[in-house]
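# Overview (structure and organization)
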Amino acid sequence: MATKTFAGVSIEVSAEGYMMDASQWTKEIGTEIAKEEGIELTDKHFELIDFIRNKVNNGETLTIRGIGKSGIVDIKGFYQLFPGAPLKKATKISGVPKPASCI
Amino acid sequence: MKRLLILGAGTGGTIMANKMRKALAREDWDITIVDQHKTHYYQPGFLFIPFGMYGKKDVIKPKSDFFPVGVNVIYSKIDKIEPDDNSVLLEGGVVLNYDYLIIATGTRTAPEEVDGLKGDLWYKNIFDFYTIEGALALADYFKTWKGGKLVINIAELPFKCPVAPLEFAFFADAFFTERGMRDKVDITYVTPLPGAFTKPRATKMLGELLVQKNITIIPDFNIMEVDNENKKIVDYGGTEVEFDCLVSIPTNMGDPMIERSGMGDDLGFVPTDKHTLQSKRAENIFVIGDAADVPTSKAGSVVHFEADILEENLLCAIENRPFTGHFDGHANCYIETGYGKGTLIDFNYDTEPLPGSFPFPGLGPFGLLKVSRMNHYGKLIFRWIYWHILLKGKEMPIDSEMQMAGKKL
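Computed from a predicted structure; not experimentally measured.

Residues and elements named next belong to chain B. Read across the sheet, 3 strands follow the order β6-β7-β8 without closing on themselves; strand pairing throughout is antiparallel. Edge positions in the sheet fall to β6 (78-82) and β8 (95-97), since each of these pairs with one other strand and no more. Adjacent strand axes in the sheet meet at a mean angle of 20 degrees, parallel and antiparallel pairs treated alike. For β6 and strand β7 (residues 87-90), the ladder comprises 4 bridges, and the chain directions are antiparallel. What sits directly across from glutamate 82, in β7, is serine 87.

Listed below in structure tokens is the structure:
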């Protein structure tokens, strides 16, 4: 575990940079994490971040398929918003834990 | 007369019919099991078919061989479950009422979920091996294949028997080596996971095996479509992988009946308490095996361990006691690595696969995360155990709860 400062707030993060306490998250913090990932957040990003945070709060599993069915973006659009590894980047920026892939 | 209804007569449904018929008095309890098919497939055997090690006859038996006396068997398609009415509608309008329901309808491959997968090349250059039809078609194809780019692709998580695609890759390496044409076959393993497996130690061990066997791994690949014309698979990020033969592990989904009943998640799996196996929809509905959304492997070993817990909790529910059965996510998988050898992993919700010996600490005879001939024999012997002990719900010398003894941290 490590501590990082985002938007003037000291935040505990995992070894991979995921926030340990999702309730500490603010839009400003999200914006700064996104900058580290090379992403400039737009309204569309924030709409999706809201969706992700709600899903996680309700204890539901996040999947790329589920995001494609969110009504906010399709999967291709999701990749355009968070290029490369969209689910990993989007969850990190949303301040929620890294999705566990159980198989 | 009280009624226990079991939907699905695969591994989970059959074991539960056997266990519950022993546990519940014949004069008080009527037990009925429903399935649309009359043939029981030994699904772990499908992996061996493309390489000519098993044929169809090695993996099939009539389902009726495994039902106990005193259980009503109905061969019919299921239309839907009406959880608010405690009833199930069969195709053709028959209604079955129940006091308790066990859903054991498993998972199925859904190739239609990926654009182009079930296109012009389906069963010509593109195959699956999770169905008997796909495994047999691939066996025929390999008999005369001259070599080229063999691509193994997992479409989406979760998928049944998560080690089978790796075993397929290892078998392919050995098979084409033994035929003296390994230099003509380029094997690539394309997965949505960040590596060969999920948990760190197993991923490292299995990833190193892929490297040793000269199998290329392409991780973090989420397939968008199959381009039939140019023979390539394309992911959402734009990465393309060319193939001459594509072996696909299609999207896994629950039975369409679950969706018709409005009881499934995005993929048609039933939301289920991961420790008690009670459905989240109704107190008198329980779920076993692949049909449930619990975060462990979709595998026969899991079903077998869950069966002990489910029997216990069903009896708790019937006798109005708090649940005492607690499922820990235990899974146990023999992994074929080719050339008559295999490895073994044993894990649960909280403990990743660790090295050690199994099932007897220090003695084995099986080695965890080790490649040995004994592990391969374990897998072969398992087919006999499956038909003669496991399906009948008899005792086995392996605890349903994962044991730490014998494991090295």
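With 15 residues of chain B at the contact, the number on the chain A side is 13 residues. Considering only residue class, the side of chain B that touches chain A consists of 7 nonpolar, 5 polar and 3 charged.

With that out of the way, let us pick up helix α4 (residues 200-212) of chain B. Residue and element names in this part refer to chain B. Between its first and last C-alpha, α4 extends 18 Å over 13 residues, near the 18 Å set by a 1.5 Å rise per residue. By the burial criterion, the buried members of α4 are Ala202, Met205, Leu206 and Leu209. Seen along its axis, α4 keeps its buried residues to an arc of 90 degrees; they face one direction. For α4, exposure combined with an orientation more than 90 degrees from the buried face picks out Pro200, Glu208 and Val211. Elements that come into contact with the buried residues of α4 comprise α3 (164-178), β21 (331-338) and β22 (341-347). Two residues or fewer after α4 comes asparagine 214, characterised by a positive phi angle close to 60 degrees.

Right, let's get into the sheet that holds strand β1 (residues 2-7) of chain B. Each strand in a sheet pairs with its neighbour through backbone hydrogen bonds, running either in the same direction (parallel) or in the opposite one (antiparallel). All names here are of chain B. Pairing is parallel across the open sheet formed by 5 strands, whose spatial order is β5-β2-β1-β9-β20. At either end of the open sheet lies a strand with only one pairing partner, and these are β5 (71-75) and β20 (285-287). The sheet shows a mean angle of 20 degrees between the axes of neighbouring strands, direction not considered. For β1 and strand β9 (residues 100-103), the ladder comprises 4 bridges, and the chain directions are parallel. Paired with leucine 4 across the strands is tyrosine 100, a residue of β9.

Let us now look at the domain arrangement of chain B. All names here are of chain B. In terms of domain boundaries, chain B breaks down into domain 1 (2-106 + 255-318), domain 2 (111-251) and domain 3 (331-390). When each unit is reduced to the centre of its C-alpha atoms, the spacing between domain 2 and domain 3 is 24 Å. Domain 2 puts 13 residues into the contact, and the matching count from domain 3 is 12 residues. Those elements giving two or more residues to the side of domain 2 that touches domain 3 turn out to be α3 and α4.

Turning next to the nonpolar core. In this structure, Met16 and Ile288 of chain B are the most contacted members of the largest nonpolar core, which totals 116 residues. In terms of residues, this core owes the most to one element, α3 of chain B, which gives 8 residues. Excluding residues that lie within four positions of it along the chain, methionine 16 of chain B makes contacts with Ile6, Ile102, Ala104, Ile288, Ala307 and Leu310 of chain B. Judged by nonpolar contacts, the second largest core, of 21 residues, contains Ile29, Leu62, Leu81 and Phe82 of chain A.

The next subject is the packing of helix α1 (residues 27-36) of chain A against helix α5 (residues 86-94) of chain A. Residues and elements named next belong to chain A. Contact geometry of α1 with α5 gives a least axis separation of 8 Å together with a crossing angle of 145 degrees. Taken together, the residues of α5 that come into contact with α1 (itself represented by Gly30, Ile33 and Ala34) are Lys92, Ile93 and Ser94. Taken together, the residues of the contact of α1 with α5 break down into 3 nonpolar, 2 polar and 1 charged.

So, on to α3 of chain B. All names here are of chain B. In a regular helix each residue adds 1.5 Å, so 15 residues correspond to 21 Å; α3 covers 21 Å between its end C-alpha atoms and thus fits that length. Within α3, 11 of the 15 residues are buried, which leaves it mostly tucked inside the rest of the structure. Among all positions in α3, only Ala164, Pro165, Leu166, Glu167, Phe168, Ala169, Phe170, Phe171, Ala172, Asp173 and Phe176 are buried. Residues of α3 that are buried in the fold lie against β12 (148-154), β13 (185-190), α4, β18 (245-249) and β21.

Here is what the cut-offs are and how they apply
- Residues numbered from 1 in each chain as written.
- Chains lettered and ligands numbered in written order.
- Predicted model: local features only at pLDDT ≥ 70, side-chain atom pairs only at ≥ 80, totals over all residues.
- Pairing = 2+ DSSP bridges.
- Helix = DSSP H or I, 4+ residues; strand = E, 2+ residues; numbered from the N terminus.
- Axes fitted to C-alpha atoms, helices over the stretch in contact; angles between N-to-C directions.
- Contact = placed C-beta atoms within 7 Å.
- Nonpolar A, V, L, I, M, F, W, Y, C, P; charged D, E, K, R; others polar.
- Expected span 1.5 Å × (residues − 1).
- Buried ≥ 20, exposed ≤ 12 C-beta atoms within 10 Å, placed from the backbone.
- Arc of directions from axis to C-beta.
- Domains from an automatic or database assignment.
- Core = buried A, V, L, I, M, F, W, Y, C linked by C-beta atoms within 7 Å.

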